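Structure assessment
In case you want the letters, here they are:
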Amino acid sequence: MAKSIVRHTDGTYQVKGKVSGKELVEAALHEITRVFENKGNKFERPEEVKRYLSVQLGLEQREVFSVMFLDSQHQLIHYERLFLGTINQSEVHPREVVKRCLELNSAAVIVAHNHPSGVSEPSQADRLITDKLVKALKLIEVKVLDHIVVGGSDTYSFAERGLL
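About the thresholds
- Residues numbered from 1 in each chain as written.
- Predicted model: local features only at pLDDT ≥ 70, side-chain atom pairs only at ≥ 80, totals over all residues.
- Heavy atoms only, no water.
- Helix = DSSP H or I, 4+ residues; strand = E, 2+ residues; numbered from the N terminus.
- Buried < 20%, exposed > 50% of the residue type's maximum accessible area, 1.4 Å probe, protein only.
- Contact = heavy atoms within 4.5 Å.
- Areas by Shrake-Rupley, 256 points an atom, 1.4 Å probe, with all protein chains shown as cover.
- Lys, Arg positive; Asp, Glu negative; His and termini not counted.
- Charge placed at Lys NZ, Arg CZ, Asp CG, Glu CD.
- Salt bridge = Lys/Arg side-chain N within 4 Å of Asp/Glu carboxyl O.
- Core = buried A, V, L, I, M, F, W, Y, C linked by side-chain atoms within 4.5 Å.

1. Thoughts on the overall build of the chain
When you go through the chain residue by residue, the secondary structure sums to four helices and seven strands. Beginning at the N terminus, the succession of helices and strands in the chain can be written as β-β-α-α-β-β-α-β-α-β-β. Principal-axis analysis of the C-alpha atoms gives the chain an extent of 50 × 35 × 25 Å. Split into buried and exposed, the 164 residues of the chain put 40% on the buried side. Within the chain, contacts between residues at least 6 apart in sequence are counted, and of these 58% link residues at least 24 apart. About 9,400 Å² of surface is accessible on the chain, with carbon and sulfur atoms providing 52% of the total. In the chain, 22 positive and 22 negative side-chain charges are present, and the distance between their average locations comes to 2 Å.

2. Describing the pattern of salt bridges
In the structure shown here, the tally under the stated rule is seven salt bridges. The partner of glutamate 160 in a salt bridge is lysine 50, with the nearest N and O atoms 2.9 Å apart. Residue glutamate 160 is located in the segment after strand 7 (154–157), and its partner lysine 50 is located in helix 2 (residues 46–57); the two are separated by 110 residues in the primary sequence. When its relative accessible area of 10% is taken as the criterion, lysine 50 is described as buried. Across the pair glutamate 96 and arginine 95 runs a salt bridge whose closest N-O atoms are separated by 3.7 Å. Accessibility expressed as a relative area gives 63% for arginine 95, which makes it exposed. A single network of salt bridges, built from pairs that share partners, joins Glu47, Lys50 and Glu160.

3. Observations regarding the nonpolar core
Grouped together as the largest cluster of nonpolar side chains are 16 residues, with contacts concentrated most on Phe65, Val67, Val97, Cys101, Val109 and Leu137. Only strand 3 (64–70), strand 4 (76–84), helix 3 (94–104), strand 5 (108–114) and helix 4 (124–138) provide two or more residues apiece to this core. Those residues within four positions of cysteine 101 in sequence are excluded, and the remaining contacts are Phe69, Ser106, Val109, Leu137, Ile140 and Val142. Listed in part, the 14 residues of the second largest apolar core include Leu57, Leu76, Ile110 and Ile148.

Laid out in structure tokens, this is it:
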């Protein structure tokens, strides 16, 4: 977090001097991550999941493929950026996702990636990798709850569109 933005133990923040937009965004991301990653917070509503992922991925200049690893109660165990790509693609390896699910003892996942173009409509490659991940994770009894594509402030949910 930026040195000019200080978080106090009572949960309030103090801004010291001028703060750049980047520092402000980093502080907001830190706070949102802290709130959502506290044990006991469940990701049950698509809107809060999309809001969380929009903050995590919406400003990225390159494609980032990430996974929210969840327990059986859909509480966040860990959020991880697994694959970093170029401006219009990232290579996703289902084997690595399976491996991390086993390491973290995850019962469910929400996968996500961004489109730096700002267009959240999934490509055919996005649909294919989603199918591969669903099949691979089903073998180890991990449910894919959703695949969210973030295009700037816009999102596309595979689950909401009936694609999962």
